[in-house]
Amino acid sequence: MPAAASDAHHGKKDIVDTAVAAGQFKTLAAALTAAGLVDTLKGEGPFTVFAPTDAAFAKLPAGTVENLLKPENKAQLSAILTYHVVPGKAPASAVTGKVSDVVTVNGAMLKIDGTNGVKVNDASVTAADVMASNGVIHVVDTVLLPPAK
């Protein structure tokens, strides 16, 4: 684990600063900025964030990220990003051995399966319990797309 990420375990930095310091969330940071969500995730919280890595964003079809970052797509980008956030602080231990549905900030449900590792919908949690001052980050290997309304 990079030194910056291990510093975050002490909970001194908020979720955004913790993610930026980790170095593997440049696309997420750019997306949060474009969607106007940085201040929200720097807020009091607590929040649980399922944070897709740059590699997770790279798995999306070519051009998807660039298209979502355009100002005219801010609402769609915001809907996707808020689907990665659950109100409250939920450590991995809260879901170990269980299957549960949780409501995201987006309003849509996420399925969390902690029976064999931890999966969030179809994404695997690759690093759990990265603590921040206002919540917890779980690193995921896939961008979570909300269900069509």
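Here the residue numbering is sequential within each chain, running from 1 through the sequence in written order. Confidence filtering applies because this is a predicted model: local features only for residues at pLDDT of at least 70, side-chain atom pairs given and counted only at 80 or more, and all residues used for totals across whole chains, interfaces and linings. With hydrogens and water excluded, all non-hydrogen atoms of the structure serve as input to the side-chain values.

Colleague: Now, about the overall build of the protein chain: what can you tell me, with residues and values included?
Modeller: Helix and strand labels come from DSSP, where a helix needs a run of H or I of at least four residues and a strand needs a run of E of at least two; each type is numbered from the N terminus. Of the regular secondary structure elements, the protein chain holds 7 helices and 7 strands. Traced from its N-terminal end to its C-terminal end, the protein chain shows the element sequence α-α-α-α-β-α-α-α-β-β-β-β-β-β. The globule rule puts the C-alpha radius of gyration for 149 residues at 15 Å, and the 14 Å found for the protein chain is close to it. With the C-alpha coordinates aligned to their principal axes, the bounding extent of the protein chain is approximately 40 × 30 × 25 Å. Only protein chains enter the accessibility calculation, which uses a 1.4 Å probe. A residue is then buried if its area is under 20% of the maximum for its type, exposed if over 50%, and partly exposed in between. Buried positions account for 42% of the 149 residues belonging to the protein chain. The contacts of the protein chain with a sequence gap of at least 6 include a subset with a gap of at least 24, amounting to 62%. Within the structure as shown, the protein chain displays about 7,500 Å² of accessible surface, and the carbon and sulfur contribution to it stands at 58%. Put simply, the protein chain has 12 plus and 13 minus side-chain charges, and the middle of one group is 1 Å from the middle of the other. Two things to know: the radius of gyration comes from C-alpha atoms, and the globule rule equals 2.2 Å times the number of residues to the power 0.38. Residue contacts follow a heavy-atom distance rule, with two residues in contact if any of their heavy atoms lie within 4.5 Å. Every accessible area reported is derived by Shrake-Rupley at a probe size of 1.4 Å, with residue values counting cover from the shown protein chains alone. As used throughout, the charge tally considers Lys and Arg to be positive and Asp and Glu to be negative, leaving His and the chain termini uncounted. Note on charges: their place is set at NZ of Lys, CZ of Arg, CG of Asp or CD of Glu.

Colleague: Would you mind going over the sheet that holds strand E4 (residues 109-113) in detail, with residue names and values included?
Modeller: Strand order across the open sheet formed by 7 strands is E2-E1-E7-E6-E5-E4-E3, with mixed pairing between neighbours. Edge positions in the sheet fall to strand E2 (85-87) and strand E3 (99-103), since each of these pairs with one other strand and no more. The pairing of E3 with E4 spans 5 bridges and is antiparallel. The residue of E4 that forms the bridge with Val99 is Asp113. At least two DSSP bridges between two strands are needed for those strands to be called paired.

Colleague: Give a detailed account of the confidence of the model for the protein chain, specifying residues and quantitative values.
Modeller: What pLDDT reports is the predictor's confidence in each residue, on a scale of 0 through 100. Per-chain confidence: the protein chain averages 90 in pLDDT, with 92% of residues scoring 70 or above. Here helix H1 (residues 3-8) stands out as the element of the protein chain with the lowest mean pLDDT, 40, in contrast to strand E1 (residues 47-52), whose mean of 97 is the highest. Considering only residues more than four positions removed or in separate chains, one finds that residues 1-11, a stretch of pLDDT under 50, has 17 contacts.

Colleague: Which residues make up the pattern of salt bridges, and what are the values?
Modeller: The working definition used for a salt bridge is a side-chain nitrogen of Lys or Arg within 4 Å of a carboxyl oxygen of Asp or Glu. Tallied over the full model, the rule gives 2 salt bridges. Here Lys42 ties to Asp14 by a salt bridge, and the two come within 3.0 Å at their closest N and O atoms. Of this pair, Lys42 sits in the loop between helix H4 (38-41) and E1 while Asp14 sits in the loop between H1 and helix H2 (15-22), and the two are 28 residues apart along the sequence. Residue classification places Lys42 among the partly exposed residues on the basis of a relative accessible area of 35%. By relative accessible area, Asp14 is classed as buried at 12%. When salt bridges with common partners are traced through the structure, they connect Asp14, Asp17 and Lys42 into a single cluster.

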